[in-house]
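In case you want the letters, here they are:
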Amino acid sequence: MAIAIYPGSFDPITHGHIDIARRARKLFDRMFVAVVANPHKRPYFTLEERVEITQAALVEEGVNGIEVISFDGLLVDCAREHGADAIVRGLRANSDFEYEFQMALTNRDMAPEFESVFFMTAKRFSFLSSSIVKEISMYGGDVSTFVPKSVERALLGKLGHAG
Ligand code: PNS
């Protein structure tokens, strides 16, 4: 049984992430989406919110059979704990490569038993990022083509509280 873990900040999850999760799910018998606590990045949504939003978005988009978990600490420890064989990541433009290469090689140094597997983004999502979505939303722009309705609602809710 092949098990994959797809880690990220998911702050918030976008259609780009969902596309990767949907395609990866087809290749693995079991799959986890792992939301990192990542206190250094000062996330916009709390960890609990990000887990909830990610779960709702996957359900809304009909991506089934994925378990959403959270972790704090090293990804390889989380992968080990969940019996993963592979770490899934998405690759967008060139600029992602160096960071992903560094992470994959470092993770392999720490835990050679995991294979890092990369999925090329769909063309229409190649420049989509959670940061761009947050910025558009903060300035009152329309993010409906970038995220599912449930995420849009969460973004609006956050704005409501901030304002
Ligand atoms: O969505 P992101 O922010 O690009 O995801 C980055 C993530 C969560 C994959 C990375 O920050 C991570 O693995 N964090 C856990 C801590 C860790 O294992 N660090 C060493 C990686 S080389």
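Since the model is a prediction, treat every value here as computed from it, not as a measurement.

Each value, and the rule that gives it
- Residues numbered from 1 in each chain as written.
- Predicted model: local features only at pLDDT ≥ 70, side-chain atom pairs only at ≥ 80, totals over all residues.
- Heavy atoms only, no water.
- Helix = DSSP H or I, 4+ residues; strand = E, 2+ residues; numbered from the N terminus.
- Contact = heavy atoms within 4.5 Å.
- Core = buried A, V, L, I, M, F, W, Y, C linked by side-chain atoms within 4.5 Å.
- Buried < 20%, exposed > 50% of the residue type's maximum accessible area, 1.4 Å probe, protein only.
- Salt bridge = Lys/Arg side-chain N within 4 Å of Asp/Glu carboxyl O.
- Near = heavy atom within 4 Å.
- Polar contact = N/O pair within 3.5 Å; in protein donor to acceptor, adjacent residues only side chain to side chain.
- Areas by Shrake-Rupley, 256 points an atom, 1.4 Å probe, with all protein chains shown as cover.
- Nonpolar A, V, L, I, M, F, W, Y, C, P; charged D, E, K, R; others polar.
- Pairing = 2+ DSSP bridges.

Novice: I would appreciate a short explanation of the environment of aspartate 29 in the present structure.
Specialist: Take aspartate 29: it is sitting in the loop between α1 (15–25) and β2 (30–36). Separated by 13 residues in sequence, aspartate 29 and glycine 16 have C-alpha atoms that sit 22 Å apart. Apart from residues no more than four positions distant in its own chain, aspartate 29 is found in contact with Met1 and Ala2.

Novice: Would you take a moment to explain the nonpolar core for this structure?
Specialist: Taken as a class, soluble globular proteins show a tendency for nonpolar side chains to be buried jointly. If you look at the biggest cluster of nonpolar residues, it comprises 34 residues, and the most contacted ones within it are Tyr6, Ile13, Leu58 and Val88. Among the elements of the structure, β1 (3–8), α1, β2, α2 (47–60), β3 (66–71), β4 (86–91) and α6 (149–162) are those that each provide at least two residues to this core. The leading source of residues in this core is α2, at 5 residues. Every residue in contact with valine 88, bar those within four places of it in the chain, is listed here: Ala4, Ile5, Tyr6, Pro7, Ile20, Ala24, Phe28, Val117 and Phe119. Residues Ile3, Phe71, Val76 and Ala79 belong to the second largest nonpolar core, which totals 15 residues.

Novice: Mind showing me how you'd approach the pattern of salt bridges here?
Specialist: Side-chain pairing between opposite charges can occur once the charged atoms of the two side chains come close. Using the criterion set out here, one finds 8 salt bridges in the structure. Two residues, arginine 23 and aspartate 19, come together in a salt bridge whose shortest N-O distance is 2.8 Å. Of this pair, arginine 23 and aspartate 19 both sit in helix α1, 4 residues apart, which is roughly one turn of that helix. When its relative accessible area of 28% is taken as the criterion, arginine 23 is described as partly exposed. The class for aspartate 19 is buried, based on a relative accessible area of 13%. For arginine 92, the salt bridge identified is with aspartate 96, shortest N-O distance 3.0 Å. Each of Asp77, Arg80 and Glu113 takes part in salt bridges that share partners, so that together they form one network.

Novice: Please explain the site of the ligand as it appears in this structure.
Specialist: Close to the ligand lie 14 residues; Ser9, Lys41, Gly73, Leu75 and Arg89 are nearest. At a separation of 2.5 Å, an oxygen atom of the ligand approaches a polar side-chain atom of serine 9. One of the side-chain N or O atoms of arginine 89 is found 2.9 Å from an oxygen atom in the ligand. In the complex, the protein chains occlude 79% of the 550 Å² of accessible area that the ligand would expose alone. Of all the elements in the fold, those that place two or more residues in the shell around the ligand are β1 and α4 (95–110). At 4 residues, α4 tops the list of elements feeding residues into the shell around the ligand. Residues of the shell around the ligand, tallied by class, amount to 7 nonpolar, 5 polar and 2 charged.

Novice: What's the story with the pairing of β4 in this structure? I'm lost.
Specialist: Looking along a regular strand, one sees the side chains alternate between the two faces of the sheet. Most of β4 sits inside the fold, with 6 of its 6 residues counted as buried. Neither face of β4 is open: one carries Ala86, Val88 and Gly90, the other Ile87, Arg89 and Leu91, and all of them are buried. For β4 and strand β5 (residues 115–120), the ladder comprises 6 bridges, and the chain directions are parallel. Counted as the bridge partner of arginine 89 is phenylalanine 118 from β5.

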